[in-house]
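Next come the chains, spelled out residue by residue.
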Amino acid sequence: GTEVETHTDYSSVMDGEGQLPRVGFRQQVATFAAMFGPNVAAAMYASLGAFYVKNLGRPAFYSAMLLCLYLPFSVVVFVQEKADAFFDRKFSTRDTYYVRVTLMHFVVILVAVVWMLMPQSSHGVLVIGTCIGTVVGASSSSAKQLSAAMDPRLTIVATIGACAANVQPMIVFFFLGFQPSASLSQFRLAVTYVVVICIITGISLNFIFGSDVFTKAYQRLSYDVIADQEIFENADSTRQFTETEPLLPEHAKDGVPPWVWIWCTMTGILAG
């Protein structure tokens, strides 16, 4: 039988000096915005636990809030794995990712407005958490897929966007002087920040999606959803078979590079 080369060959995307090209600025902005907006909403909801415990008088309510936020998030990611190909095939990869990555920001805005204006009852708050978890799960997982398809290095930008979103409630609470005993008007001001951020990120992504920034990502993501044809048989060029070479051999000549241990340590600290 014929042995198939499965290693990744980066020679076609390297420049004349054997280096990978720089990631485009618009790609970085799009990736950051896609992860930043919805995750600000999730972080704000999770950070308001003390406010609700204080006003509703139920110490265990915060656990229910987190359950309603993160359980739908996980379920949506699982469902997307099973159903994405169907919707991509039916509506095209470009349209479905536009809905998942861009329009979800405007859905977050709608949810946040309802959250601000509704009576802050325990059942209503849990419903809002479920809605936020569902929308953020769909948006974030698709944004990660899109960024990885554009350039694997953009996953770093996606992580930075999510981490930056997680610290936004602390900044907002500091400037508002927000405390568990805060008034309803202060609460609404805090949630208004979510609305403003998602308006900015949503408009930015809508503009970027109108360009050709994601064209290559759409092509890569659509490889496994083209029905009833072999997508590689009629390719314009033959597949390259080359010996696998490390991207940065000088960094690993003495074993595992130091940055790997630093990365693992910081990931453990942040996750713990």
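For the structure, see preceding data.
Engineer: Honestly, the nonpolar core in this entry has me stumped. Any pointers?
Structural biologist: It is characteristic of soluble globular proteins that their nonpolar side chains tend to be buried jointly. Formed by 41 residues in total, the largest nonpolar core has its most connected members in Tyr 45, Leu 48, Tyr 52, Trp 115 and Ile 132. At the level of secondary structure, the elements contributing two or more residues to this core comprise helix H1 (25-47), helix H2 (49-56), helix H3 (61-91), helix H4 (93-117), helix H5 (122-150), helix H6 (154-166), helix H7 (168-176) and helix H8 (184-209). For Ile 132, the contacting residues outside a window of four places in its chain are Ala 41, Ala 42, Tyr 45, Leu 69, Val 111 and Trp 115.

Engineer: What am I meant to see in the packing of aromatic side chains here?
Structural biologist: The geometry of an aromatic ring pair is captured by two quantities: the separation of the ring centres and the angle between the planes. This model, assessed by the stated rule, comprises 10 aromatic pairs. On the numbers, 5.3 Å between centres and 20° between planes, the contact of Phe 32 with Phe 36 is stacked. Highlighted residues: Phe 32 and Phe 36, both in helix H1, separated by four residues, approximately one helical turn. Among the aromatic residues, those joined into a ring-pair cluster are Tyr 45, Phe 51, Tyr 52, Phe 61, Trp 115, Phe 173, Phe 178 and Phe 187.

Engineer: Even after reading the chapter, I still don't get the packing of H4 against H5, so can you show me in this structure?
Structural biologist: The axes of two packed helices give the description: the angle between them and the distance between them. As a packed pair, H4 and H5 sit with axes 9 Å apart at the nearest point and diverge in direction by 155°. In terms of orientation, H4 lies roughly antiparallel with respect to H5. As H4 packs across H5, the resulting crossing turns out to be left-handed. Of H5, the residues touching H4 (which contributes Tyr 97, Arg 100, Val 101, Met 104, His 105, Val 107, Val 108, Val 111, Val 114 and Trp 115) are Ile 128, Cys 131, Ile 132, Val 135, Ala 138, Ser 139, Ser 142, Ala 143, Gln 145 and Leu 146. Looking at the contact of H4 with H5 residue by residue, the class counts come to 15 nonpolar, four polar and one charged.

Engineer: Would you mind going over H2 with me for this structure?
Structural biologist: Those residues of H2 lying buried are Gly 49, Phe 51 and Tyr 52. Axial view of H2: buried residues confined to an arc of 160°, hence all on one face. Residue Gly 57 follows H2 closely and has a positive phi angle near 70°.

Engineer: Honestly, the environment of Leu 154 in this entry has me stumped. Any pointers?
Structural biologist: Looking at where Leu 154 falls in the secondary structure, it is placed in helix H6. Classification of Leu 154 as buried rests on a relative accessible area of 0%. Each C-alpha atom, one on Leu 154 and one on Gln 28, is 6.7 Å from the other, the two residues being 126 residues apart in sequence.

Engineer: In this structure, what is going on with H7? I would like to understand it.
Structural biologist: In an α-helix, one turn spans 3.6 residues; hence positions three or four apart end up facing the same way. Of the residues making up H7, those classed as buried are Gln 168, Pro 169, Val 172 and Phe 173. Within H7, the buried residues cover an arc of 130° as seen down the axis, which keeps them to one side. Within H7, the exposed residues directed more than 90 degrees away from the buried face are Met 170, Phe 174 and Phe 175. Taken together, the buried residues of H7 touch H1, H6 and H8. Taken from the residues just after H7, Gly 177 is the one with a positive phi, measuring 65°.

Engineer: Got a minute to help me understand the packing of H7 against H8 in this structure?
Structural biologist: For the pair H7 and H8, interaxial distance at closest approach is 10 Å and the crossing angle is 140°. Comparing their axes, H8 and H7 come out oblique. Handedness of the H7/H8 crossing: right-handed. Residues Gln 168, Val 172, Phe 173 and Leu 176 of H7 form the contact with H8, whose own contacting residues are Gln 186, Leu 189, Ala 190 and Tyr 193.

Reading the values: rules and limits
Residues numbered from 1 in each chain as written. Predicted model: local features only at pLDDT ≥ 70, side-chain atom pairs only at ≥ 80, totals over all residues. Heavy atoms only, no water. Core = buried A, V, L, I, M, F, W, Y, C linked by side-chain atoms within 4.5 Å. Buried < 20%, exposed > 50% of the residue type's maximum accessible area, 1.4 Å probe, protein only. Helix = DSSP H or I, 4+ residues; strand = E, 2+ residues; numbered from the N terminus. Contact = heavy atoms within 4.5 Å. Phe/Tyr/Trp six-rings, centres within 6.5 Å; stacked < 30°, edge-to-face > 60°. Axes fitted to C-alpha atoms, helices over the stretch in contact; angles between N-to-C directions. Parallel < 35°, antiparallel > 145°, perpendicular 65-115°, else oblique. Left-handed = near helix turned anticlockwise from the far one by under 90°. Nonpolar A, V, L, I, M, F, W, Y, C, P; charged D, E, K, R; others polar. Arc of directions from axis to C-beta.

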